[in-house]
Amino acid sequence: MKVVIIGIGLIGGSFARDIKRLHPKAKIYGRDVNPAHEDEARVLGLIDETAGGRELSEADMVIVSVPVDALLVELPGILDAVGEQTVVMDAGSTKSLVCKVVENHPKRRNFLACHPIAGTEYSGPSAALDGLYEGKTQIICEVEKTAFKLQERAHDLFRDLGMRIRYMNPESHDKHIAYVSHLSHISSFMLGKTVIEMERNERDIFDMAGSGFESTVRLAKSSPAMWTPIFRQNKGNVLEILDAYIGNLEAFRDKLSNDDFNGIYQEMDNTNKIREILKGIPLNNKVK
Ligand code: NAP
């Protein structure tokens, strides 16, 4: 099997690690705009060689794991360069624009629009992890637009990685991912900013930040180069959920300012439902 990975950071590098483990004979070629990342990926054993045009035309699979602004620019040229039997998949965190940019491409049937719901706050080849995708969801959009044989090849890989598949249309994907992922990142970035501005003593932040602060602010370590284009591409959905969130923050503030502690208790009690949603823990297990 010949695989080309374009953008060998956390996501592409993690695919490389697992493909090597599952298919020791696979040849993995990489291409990255950042020469230091290409070298690092080679030293770490994520890729065997740098990919040129020939590798693209002969590849069984191409994984394009670059930031979503670069994806719009790169994907049409990648499709031009691949062979008739190559499946090209992306990993972008937004799906509407990428599906639009290739909708009339002559090789549209070679492309599978994907978003693996897996990751960490770290970037680059050294952030790549073994088993990152195990038990995680792979969202696939517009599956019917991909040639069936090529869908099957991608599905075989996702099954071997232990992924669950969920099909969505690109617009629903972008709306729902704004709720569960994009808002969390904004919330974490602005929590970090607020604490840095208010608590000038960095040593106090370090010493007094319990696991609550640390876990809530974890996403604020994420790469601005990856997240700025995501917010640009999904601006409408992000503004909608951000307005709802700001409304909730203001309502909470009003309750606190008006000594409405029953109201505050109720807000938190209602929101404890998230335990049930996320972990299946019954509500009657709550400790009040
Ligand atoms: P990453 O660790 O920063 O890796 C991306 C790599 O692509 C970097 O080495 C970057 O180089 C390189 N690159 C940028 N533009 C390029 C271009 N035009 N051609 C070739 N290489 C290019 O990012 P990542 O976390 O793996 O994210 C990759 C994609 O997966 C993004 O579309 C993101 O939305 C999506 N995704 C991320 C996560 C997550 O949790 N991180 C989860 C699911 C999906 P430079 O660093 O020098 O720019």
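Source: prediction; values computed, not measured. Here the residue index of a chain counts from 1 through its sequence in written order. For a predicted model such as this one, the threshold for reporting local features is a pLDDT of at least 70, and the threshold for listing and counting side-chain atom pairs is 80 or more; totals across whole chains, interfaces and linings nevertheless cover every residue. Heavy atoms from the whole structure form the basis of all side-chain values; hydrogens and water molecules are not counted.

Within strand S1 (residues 2-6), four of the five residues are buried, which leaves the element mostly enclosed by the surrounding structure. Both S1 and strand S2 (residues 27-31) contribute to a ladder of five bridges, which runs parallel. What sits directly across from Val 3, in S2, is Ile 28. With the strands aimed away from the viewer, a crossover counts as right-handed if its path from the first strand over the helix to the second runs clockwise. Helix and strand definitions here come from DSSP, where helices need a minimum of 4 consecutive H or I residues and strands a minimum of 2 consecutive E residues; each element is numbered from the N-terminal end. Regarding the hand of the β-α-β motif, the stretch spanning S1, helix H1 (residues 10-22) and S2 is right-handed. In this scheme, strands are said to pair when DSSP sees at least two bridges between them. As paired elements, S1 and strand S4 (residues 61-64) share four bridges and run parallel to each other. The residue of S4 that forms the bridge with Ile 5 is Ile 63. For each residue, the accessible area found with a 1.4 Å probe, counting protein chains only, is set against the maximum for its type, and the residue is called buried under 20%, exposed over 50%, and partly exposed in between.

Attention shifts here to the site of the ligand. We call a residue near a molecule or strand as soon as one heavy atom of that residue lies within 4 Å of the molecule or strand. Every one of the 27 residues lining the ligand counts as a neighbour, but Asp 32, His 37, Val 66, Ser 93 and Gly 124 are closest to it. A distance of 2.7 Å separates an oxygen atom of the ligand from a polar atom in the backbone of Val 66. Each accessible area is a Shrake-Rupley estimate made with a 1.4 Å probe; only the visible protein chains count as cover when residues are assessed. The fraction of the free accessible surface of the ligand (880 Å²) that becomes covered by protein chains is 85%. Within the residue set of the shell around the ligand, elements represented by two or more residues are H1, helix H4 (68-81), strand S6 (111-117) and helix H10 (224-233). Per element, the largest residue contribution to the shell around the ligand is three residues, and it comes from H4. Here the residues of the shell around the ligand sort into 13 nonpolar, twelve polar and two charged. Distance and chemistry together define a polar contact, namely a pair of N or O atoms within 3.5 Å, with one atom able to donate a hydrogen and the other to accept it when in protein, and with adjacent residues in sequence counting only for side-chain atoms on both sides. Any residue that is not Ala, Val, Leu, Ile, Met, Phe, Trp, Tyr, Cys, Pro, Asp, Glu, Lys or Arg is counted as polar, Gly included; the first ten are nonpolar and the last four charged.

Further remarks concern the confidence of the model for the protein. For every residue, the predictor reports its confidence as pLDDT, a number between 0 and 100. Mean pLDDT over the protein works out to 94, with 97% of the residues at or above the 70 mark. The criterion used for residue contact is that any of the two residues' heavy atoms lie within 4.5 Å. Overall, residues 281-288 carries pLDDT values under 50, and its contacts beyond four positions in sequence, including any with other chains, amount to eleven contacts.

So, on to the domain arrangement of the protein. Along its sequence, the protein is carved into domain 1 (2-168) and domain 2 (172-285). Each domain's extent was defined by an automatic or database domain assignment. Averaged C-alpha coordinates put domain 1 and domain 2 at centres separated by 30 Å. Between domain 1 and domain 2, the contact holds 18 residues from the first and 15 residues from the second. Carbon and sulfur atoms supply 62% of the area buried between domain 1 and domain 2, which totals about 1,400 Å² over both sides. A pairing counts as a salt bridge when a side-chain nitrogen of Lys or Arg comes within 4 Å of a carboxyl oxygen of Asp or Glu. For the interface between domain 1 and domain 2, the tally reads one salt bridge. Ionic pairing is found between Glu 121 and Arg 218, a salt bridge with its closest N-O pair at 2.8 Å. Elements with a contribution of two residues or more to the side of domain 1 that touches domain 2: H4, helix H5 (96-101), S6 and strand S7 (137-141). Broken down by element, the side of domain 1 that touches domain 2 gets its largest block of residues, three residues, from H4. Its residues assigned to classes, the side of domain 1 that touches domain 2 comprises nine nonpolar, six polar and three charged. What counts as buried area is the accessible surface, traced by a 1.4 Å probe, that two parts surrender upon association, with contributions from both included.

A few words on the layout of surface pockets. Cavities and pockets are found on a 1 Å grid laid over the protein atoms alone: a cavity is a set of points where a 1.4 Å probe fits but cannot escape, a pocket is an open set with protein on both sides within 12 Å along at least five of seven lines, and a lining residue has an atom within 4 Å of such a point. Grid points are joined across faces, edges and corners, and a volume is the space filled by probe spheres set on the points. Here the second largest pocket defines a volume of roughly 450 Å³. Around the second largest pocket, the lining residues are Leu 183, Tyr 245, Asn 248, Leu 249, Phe 252, Glu 267, Met 268, Thr 271, Asn 272, Ile 274 and Arg 275. Elements supplying a minimum of two residues to the lining of the second largest pocket: helix H11 (235-257), helix H12 (261-271) and helix H13 (273-279). Among the elements that take part in the lining of the second largest pocket, H11 stands out by supplying four residues, more than any other.

Another point: the sheet that holds S4. Here eight strands make up an open sheet; going across it, the order is S3-S2-S1-S4-S5-S6-S7-S8 and the pairing mixed. Two strands lie at the open edges of the sheet, namely strand S3 (49-50) and strand S8 (164-168), each paired on one side alone. Relative to S3, S2 is paired through two bridges, and the arrangement is parallel. The partner of Gly 30 across the bridge, within S3, is Thr 50.

Across soluble globular proteins, you tend to see nonpolar side chains buried next to one another. Take the buried Ala, Val, Leu, Ile, Met, Phe, Trp, Tyr and Cys residues and link them wherever side-chain atoms come within 4.5 Å; each set so joined is a nonpolar core. Counting 34 residues, the largest nonpolar core has Ile 19, Ile 63, Met 89, Leu 112, Tyr 133 and Phe 158 as its most contacted members. Going through the elements one at a time, S1, H1, S4, strand S5 (87-90), S6 and helix H6 (148-161) are the ones with two or more residues in this core. Look past the residues within four positions of Ile 19 in its chain and what remains in contact with it is Met 1, Val 3, Ala 26, Ile 28, Ile 63 and Leu 157. Core analysis: the second largest hydrophobic core is formed by 23 residues, Val 4, Val 82, Val 102 and Phe 111 among them.

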